[in-house]
Amino acid sequence: MVLTFAGRLDAAGAGDVWDAAHEAARQGAGTGLAIDLAGVSFIDLAGATLLASVQAAHVAAGGGAAGDGSGPDLRGADSRARALFARACQAGGYARPPKRPPPPDATMRVVCGAALTALTGGIAFLGEVAVASVRLPARRRMLRMQDLLRYADQAGVRSLPLVALLGYLMGLILAFQSAIPLRRFGADLFVANLVAISLIRELGPLLAAVILAGRTGSAFAAEIGTMKVNEEVDAMTTMGLDPMTMLVLPRLVAAMLVMPVMTLALELAGLAGMATVMSAFNFPLVAILRQVQGAVTAVDLFGGLFKAVCFGSAVAAIGCRAGLATGVGPRAVGLSATAAVVGGIVSTILLDGVFALLFYRLGL
Amino acid sequence: MTDPSPQAAPAPARATAPIITADGVAQRFGSRTIFRDVTFAVAPGEVFVILGGSGCGKSTLMKQLIGLRPPTAGHIVVAGRDITGPGADAARAAMRRSIGVMFQSGALFGSMTLLENVMLPLEVFTDLPPHAREEVARVKLGLVGLADAAGLMPAEISGGMAKRAGIARAMALDPPILFLDEPSAGLDPITSAGLDRLILDLRTDLGATFVVVTHELQSILAIADRCIMLDRGAFGDAGGMIAEGDPRRLRAESTHPIVHAFFHREMVAAA
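## Examining the overall build of chain A
Part 1 of the reasoning: On a plain count of helices and strands, chain A comes out with twelve helices and four strands.
Part 2 of the reasoning: Over its C-alpha atoms chain A spans a radius of gyration of 33 Å, topping by over 25% the 21 Å that the globule rule assigns to 364 residues.
Part 3 of the reasoning: Expressed as lengths along the three principal axes of its C-alpha atoms, the size of chain A is roughly 100 × 60 × 35 Å.
Part 4 of the reasoning: Residues counted as buried form 43% of the 364 residues belonging to chain A.
Part 5 of the reasoning: Taking all contacts inside chain A whose residues are at least 6 apart in sequence as the whole, residues at least 24 apart take part in 85%.
Part 6 of the reasoning: Of the roughly 18400 Å² that chain A leaves accessible, carbon and sulfur atoms contribute 68%.
Part 7 of the reasoning: Here chain A holds 28 positive side-chain charges and 23 negative ones, and the gap between their average locations is 8 Å.

## Structural notes on the side chain of Thr126(B)
Part 1 of the reasoning: Structurally, the position occupied by Thr126(B) is in the loop between α3 (114-125) and α4 (130-143).
Part 2 of the reasoning: Classification of Thr126(B) as buried rests on a relative accessible area of 17%.
Part 3 of the reasoning: Here Leu128(B) takes part through its backbone nitrogen, which lies 3.4 Å from a polar atom of the side chain of Thr126(B).
Part 4 of the reasoning: Setting aside anything within four residues of it in sequence, one finds Thr126(B) in contact with Arg141(A), Pro121(B) and Leu173(B).

## Description of the layout of surface pockets
Part 1 of the reasoning: A volume near 1500 Å³ is recorded for the largest pocket.
Part 2 of the reasoning: As for the largest pocket, its lining consists of 41 residues, and the residues nearest its centre are Thr237(A), Asp242(A), Pro243(A), Leu68(B) and Arg96(B).
Part 3 of the reasoning: Secondary-structure elements contributing two or more residues to the lining of the largest pocket are α4 (104-134), α7 (191-229), α8 (232-238), α9 (243-280) and α11 (298-324) of chain A together with α2 (88-95) and α3 of chain B.
Part 4 of the reasoning: The class makeup of the residues in the lining of the largest pocket is 18 nonpolar, seven polar and 16 charged.

## Considerations on the interface of chain A and chain B
Part 1 of the reasoning: Taken together, the contact between chain A and chain B spans 17 residues of the former and 24 residues of the latter.
Part 2 of the reasoning: In total, about 1800 Å² of surface goes out of reach between chain A and chain B, with carbon and sulfur atoms giving 61% of it.
Part 3 of the reasoning: The largest contributions to the chain A side of the interface with chain B come from Arg141(A), Thr238(A) and Met239(A), which together make up 37% of the buried area.
Part 4 of the reasoning: For the interface between chain A and chain B, the tally reads three salt bridges.
Part 5 of the reasoning: One salt bridge in this structure joins Asp234(A) and Lys63(B), with 3.7 Å as the shortest N-O distance.
Part 6 of the reasoning: At the junction of chain A with chain B, the criterion picks out five residue pairs in polar contact (both at pLDDT 80 or more).
Part 7 of the reasoning: Among the elements that take part in the side of chain A that touches chain B, α8(A) stands out by supplying six residues, more than any other.

## A short note on α4(B)
Residue and element names in this part refer to chain B.
Part 1 of the reasoning: Helix length check: α4 (14 residues) gives 20 Å between terminal C-alpha atoms against 20 Å at 1.5 Å per residue, within 8%.
Part 2 of the reasoning: For α4, the full list of buried residues reads Ala132, Arg133, Ala137, Lys140 and Leu141.
Part 3 of the reasoning: At its buried positions, α4 is contacted by α3 and α5 (159-170).
Part 4 of the reasoning: Of the residues trailing α4, Gly145 is marked for its positive phi of about 80°.

## So, the environment of Thr4(A)
Residue and element names in this part refer to chain A.
Part 1 of the reasoning: Position of Thr4 among the secondary structure elements: in strand β1 (residues 2-9).
Part 2 of the reasoning: According to the relative accessible area criterion, Thr4 is exposed, its value standing at 56%.
Part 3 of the reasoning: Once the C-alpha coordinates of Thr4 and Leu241 are considered, the two residues, 237 residues apart in sequence, prove to be 68 Å apart.

## What to know about the sheet that holds strand β7 (residues 177-181) of chain B
Residue and element names in this part refer to chain B.
Part 1 of the reasoning: The strand order across the open sheet formed by ten strands is β5-β4-β1-β2-β10-β9-β3-β8-β7-β6, and the pairing between neighbours is mixed. Two strands bound the open sheet, and with one partner strand each, they are β5 (81-82) and β6 (99-102).
Part 2 of the reasoning: Relative to strand β8 (residues 209-214), β7 runs parallel, the two sharing five bridges. Considered in β8, the bridge of Asp181 is made with Val213.
Part 3 of the reasoning: Along the sheet face, helix α1 (residues 58-65) touches β1 (20-29), β2 (32-42), β3 (47-52), β4 (73-78), β6, β7, β8 and β9 (226-231) and points at about 125° away from the line of β1.

## Section: the pairing of β9(B)
Residue and element names in this part refer to chain B.
Part 1 of the reasoning: The element β9 is extensively covered by neighbouring structure, given that six of its six residues are classed as buried.
Part 2 of the reasoning: Side chains Arg226, Ile228 and Leu230 of β9 all project onto a buried face; the interleaved residues Cys227, Met229 and Asp231 project onto the opposite face, where all are buried too.
Part 3 of the reasoning: As paired elements, β3 and β9 share five bridges and run parallel to each other. When the sheet's bridge partners are listed, Phe48 is paired in β9 with Arg226.
Part 4 of the reasoning: Summarising the sheet, β9 and strand β10 (residues 239-245) pair through five bridges and their orientation is antiparallel. The partner of Ile228 across the bridge, within β10, is Glu244.

## A short note on the domain arrangement of chain A
Part 1 of the reasoning: Here chain A is partitioned into domain 1 (2-92) and domain 2 (139-362).
Part 2 of the reasoning: Once you take the C-alpha centre of each, domain 1 of chain A and domain 2 of chain A turn out to be 62 Å apart.

## Here we look at empty space enclosed by the protein
Part 1 of the reasoning: Going through the model one piece at a time under the given rule, you end up with one cavity of 30 Å³ or more.
Part 2 of the reasoning: Here the largest cavity defines a volume of roughly 140 Å³.
Part 3 of the reasoning: Lining the largest cavity we find 15 residues, and of these Met239(A), Ile99(B), Gly100(B), Arg169(B) and Ala170(B) sit closest to its centre.
Part 4 of the reasoning: Among the elements of the structure, α8 of chain A together with β6 and α5 of chain B are those that each provide at least two residues to the lining of the largest cavity.
Part 5 of the reasoning: Looking at the lining of the largest cavity element by element, the count peaks at three residues for β6(B).
Part 6 of the reasoning: Its residues placed into classes, the lining of the largest cavity shows ten nonpolar, two polar and three charged.

Criteria and thresholds
- Residues numbered from 1 in each chain as written.
- Chains lettered and ligands numbered in written order.
- Predicted model: local features only at pLDDT ≥ 70, side-chain atom pairs only at ≥ 80, totals over all residues.
- Heavy atoms only, no water.
- Helix = DSSP H or I, 4+ residues; strand = E, 2+ residues; numbered from the N terminus.
- Rg over C-alpha atoms; globule rule 2.2 N^0.38 Å.
- Buried < 20%, exposed > 50% of the residue type's maximum accessible area, 1.4 Å probe, protein only.
- Contact = heavy atoms within 4.5 Å.
- Areas by Shrake-Rupley, 256 points an atom, 1.4 Å probe, with all protein chains shown as cover.
- Lys, Arg positive; Asp, Glu negative; His and termini not counted.
- Charge placed at Lys NZ, Arg CZ, Asp CG, Glu CD.
- Polar contact = N/O pair within 3.5 Å; in protein donor to acceptor, adjacent residues only side chain to side chain.
- 1 Å grid on protein atoms, 1.4 Å probe; cavity = no way out; pocket = protein on both sides within 12 Å on 5 of 7 lines; lining within 4 Å.
- Points joined across faces, edges and corners; volume = space filled by probe spheres on them.
- Nonpolar A, V, L, I, M, F, W, Y, C, P; charged D, E, K, R; others polar.
- Buried area = accessible area lost by both parts, 1.4 Å probe.
- Salt bridge = Lys/Arg side-chain N within 4 Å of Asp/Glu carboxyl O.
- Expected span 1.5 Å × (residues − 1).
- Pairing = 2+ DSSP bridges.
- Axes fitted to C-alpha atoms, helices over the stretch in contact; angles between N-to-C directions.
- Domains from an automatic or database assignment.

Structural data, given as structure tokens:
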């Protein structure tokens, strides 16, 4: 068969006929292929790539070249077109057999392998954190107090306005939403109980952890990831400094220290939001306070704060792990930050589920 | 194949035992072998250059030498410690007190000033009081010409200054071996020549051994006592060492086509 091209065979012209030319080449696989360029007024490398690709598609479909079969049969082509065609064939690797996509079971193996690698990597990371913690007395000079305070400031103090705002709005929303169904039973006053228990047992630690994951976990991953990309982590290692002790432990400790404070701030702001709504419903502040006092026990408060510490350690550990696992290239740090946020939130909710089960079994 | 023709004249320091030896070192990534059978020895006090084109594994070989990447085959001994044999982790940890490394970008810690960067190893590994640490660090910065920049942050300095600060930090604990990864890369010729001068001065003043990874021809000829050249090999073949010796003699006498092309800036026909 003869494929005849005419006009300009540049990027625009090649794009117009790309699919049609390939289809024709594949359909004519039973015969030899010749390409007629006599009517082509101009050809560039994009056009030559089309010709090479068409030739390769024809061969892949079982066809051969017209004539003696020793090479492509280009008719009416000048030396420039032939040179461009040869360059496209060579540079595009059309002479080599096309790569076959991996069979489905191989893809599955790759996915399972990656999941297993991530899991073993996570376990190894936890082990390294544990070893670094045990060795800390001997390496105490590597744990720089100024770094720890800086991370605590970054993770906790600077997030307090956001925590207070979100907590206040959350209390406000919860109070409004619960007021409607409770009013049907004449139990408006118990809105205070509901909001207080929800916030202190559950929502306070959970929301604080989500804020920590979005704001600080991602920052930890980006900071350590950038250090990894800039070879600062390698520099540390070659200087005999332990990255786990210098980079991970201070962040972990800082997050565990600030999380109870963030949780308390969020809960207080939430209660203030609830009180605002209740006051608008003409309940006196004393009555609201009494309801809250009656509803919430010390076990609720400290159980929530304990959860907050655990969530904080999970978010910080996942952020640091994502940072240390940063690959190479400009997208790597962004991917690590995303992994830190997603991993932090997912692990927080998983841990919360575990705590819910545990507290239920313990009758707390 | 290693080019046998040019052999460097033995330097006086060669009479002593080597401070670094690599024996049959290889690196493989998956099914791809980057290089294999790399064997050399570095004498104390030498400026030893690992050279080669882009992608031939120079930086990978340096990472093996500084214990960041275990080789897939072969043995490496640095400062008398086999960092690839049994008990390699402990050997690597001990070896790190004998080396200083300057990475390609300087790899300065971005949250610290240049002075704090140089002081950090002193703070962790010595019992020097704070004011003494600062004085020692200022001397190191002065050695590389950055005495006036001690209070600057890494983001506030140029690429050449970052590399010099990286050298000062690598020298913080006065290690006997300094590894420099591409010290001249991306620098203008004047700054690059200044760094070459600095390396030679430090070698003379401190008696340190330098292992330098570079492909900058002018730098190689200016600083190297001896060098090895790596090549990435033809398509599908493993790369490896293709030459060893005095770079000036290699330039004058080597008949290996890639070595000749490298030193004479010629095109090589694709394999």
